[in-house]
Amino acid sequence: MPKGVTRRRPRTRAALLKAALETFAEHGFHATTIEQICERAGYTRGAYYSNFASKEELFLALFDEHSDRTVRRLAESIDALTAEEYTLTRLAELAARVEPDERDWYLVTTEFTLHAIRDPQAAWVLARHDARLRTEIARGLTLVLRRAGRELTVDADRFARLLIALREGGLAQSYVEPAELPPGSLERQFLAPLLEASTRRIPGTGTGIDDDAAAEGEGEGQSKRSGSDAVI
């Protein structure tokens, strides 16, 4: 393959992914045709099939891209925290952030999830991608809490499932009643108490976050470290 073609391929793939997300959100996953995606992206069917074998494969690429972006954004926000900001409430606020374009992704992923519920093969594949995302969430949460001198008292993977359920269930209600329940409201209200109830101080660390004392300059025994390579 000519080198110029190799260099162009990531740009072609990115354009197809962007066009697919927009078209899926506008017309629905099942109703969208490959021709519509290609037309919006400005590429041919040949370009499409050189990158993706099916719409399902294209969706899963979108899923992984969205997961990676969400993880990266949250990790960067946690990295920017000062020692005084390193409280459960502040961590919950960061985890509750919802990007303006999240509605499009929610529409697409909800429809594909319904498809997977009806189709065992699609369910099996989606479950593998879900599991990878949960692994990142569980790993990141464990590291963030350890740096705060705390540890989970429940299974990390199960807790990651709960966080995802809170996020997705909250968004479902928020997008139906945005004035009554703005996106992220449930996480902002309940995630910090949930973390408090599901964690404990690590014995012998002399650190830990029980409340917002660190933000008030109290709790002198708490850890002063900030930053993270992980996410909640």
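Residues numbered from 1 in each chain as written. Predicted model: local features only at pLDDT ≥ 70, side-chain atom pairs only at ≥ 80, totals over all residues. Heavy atoms only, no water.

Points about the packing of helix H4 (residues 55-79) against helix H7 (residues 120-147)
No. 1: Where H4 meets H7, the closest approach of the two axes is 10 Å, and the angle between their N-to-C directions is 5°. Looking at the two axes, H4 sits roughly parallel to H7. Facing H4, whose interface residues are Phe-59, Leu-60, Phe-63, Asp-64, Ser-67, Val-71 and Ile-78, H7 presents Val-125, Leu-126, His-129, Asp-130, Arg-132, Leu-133 and Val-144.
No. 2: For the contact of H4 with H7, the residue count by class is nine nonpolar, two polar and three charged. (Axes fitted to C-alpha atoms, helices over the stretch in contact; angles between N-to-C directions. Helix = DSSP H or I, 4+ residues; strand = E, 2+ residues; numbered from the N terminus. Parallel < 35°, antiparallel > 145°, perpendicular 65-115°, else oblique. Contact = heavy atoms within 4.5 Å. Nonpolar A, V, L, I, M, F, W, Y, C, P; charged D, E, K, R; others polar.)

Quick word on the packing of aromatic side chains
No. 1: Evaluated as defined, the whole model comprises 10 aromatic pairs.
No. 2: Between the aromatic rings of Tyr-48 and Phe-52, the centroid separation amounts to 5.9 Å while the plane-to-plane angle is 55°, which identifies the pairing as tilted.
No. 3: Ring-pair connections join several aromatic residues into one group, and the members of that group are Phe-24, Phe-29, Phe-59, Phe-63, Trp-105 and Phe-112.
No. 4: A cation over an aromatic ring shows up here: Lys-55 above the ring of Phe-29, its NZ or CZ 5.0 Å from the ring centre. (Phe/Tyr/Trp six-rings, centres within 6.5 Å; stacked < 30°, edge-to-face > 60°. Lys NZ or Arg CZ within 6 Å of the ring centre and 35° of its normal.)

Description of the nonpolar core
No. 1: Phe-24, Ile-37, Tyr-48, Phe-52, Leu-58, Phe-59 and Leu-126 are the most contacted members of the largest nonpolar core, which has 25 residues in total.
No. 2: Those elements that provide at least two residues to this core are helix H1 (3-27), helix H2 (34-41), H4, helix H6 (102-118) and H7.
No. 3: When residues no more than four places from it in sequence are discounted, the contact partners of Leu-58 are Leu-17, Ala-20, Phe-24, Ile-37, Tyr-48 and Phe-52.
No. 4: Core analysis: the second largest hydrophobic core is formed by 13 residues, Leu-88, Leu-145, Ala-160 and Leu-163 among them. (Core = buried A, V, L, I, M, F, W, Y, C linked by side-chain atoms within 4.5 Å. Buried < 20%, exposed > 50% of the residue type's maximum accessible area, 1.4 Å probe, protein only.)

Quick word on the environment of Phe-29
No. 1: Within the fold, Phe-29 resides in the loop between H1 and H2.
No. 2: Using a relative accessible area of 1% as the deciding quantity, one classes Phe-29 as buried.
No. 3: In sequence terms Phe-29 and Thr-110 are 81 residues apart; their C-alpha atoms lie 9.8 Å from each other.

Some points on the confidence of the model for the protein
Caution applies to low-pLDDT parts of the model: their predicted coordinates are not meant to be read in detail.
No. 1: On average, the protein scores 86 in pLDDT, and the residues at 70 or more come to 85%.
No. 2: In the model of the protein, H1 stands out as the element of lowest mean pLDDT, 85, in contrast to helix H8 (residues 156-176), which has the highest, 97.
No. 3: Below pLDDT 50 for its whole length, residues 208-232 participates in 77 contacts with residues either more than four positions away or in separate chains. (pLDDT = per-residue confidence, 0-100.)

Regarding the pattern of salt bridges
Pairs can form between side chains of opposite charge once their charged atoms are near each other.
No. 1: Scanning all chains against the criterion turns up 13 salt bridges.
No. 2: In this structure, Glu-22 and Arg-40 form a salt bridge, with 3.6 Å as the shortest nitrogen-oxygen distance. Of this pair, Glu-22 sits in helix H1 while Arg-40 is found in helix H2, placing the two residues 18 residues apart along the sequence.
No. 3: Under the relative-accessibility criterion, Glu-22 is labelled partly exposed at 29%.
No. 4: Between Arg-200 and Glu-151 there is a salt bridge, and its shortest N-O distance comes to 2.8 Å. Of this pair, Arg-200 sits in strand S2 (residues 199-201) while Glu-151 sits in strand S1 (residues 150-152), and the two are 49 residues apart along the sequence.
No. 5: We classify Arg-200 as partly exposed; its relative accessible area is 46%.
No. 6: Of the residues examined, Glu-151 reaches a relative accessible area of 26% and is grouped as partly exposed.
No. 7: Taken together, the shared-partner salt bridges in this structure form one network comprising Lys-18, Glu-22, Glu-26 and Arg-40. (Salt bridge = Lys/Arg side-chain N within 4 Å of Asp/Glu carboxyl O.)

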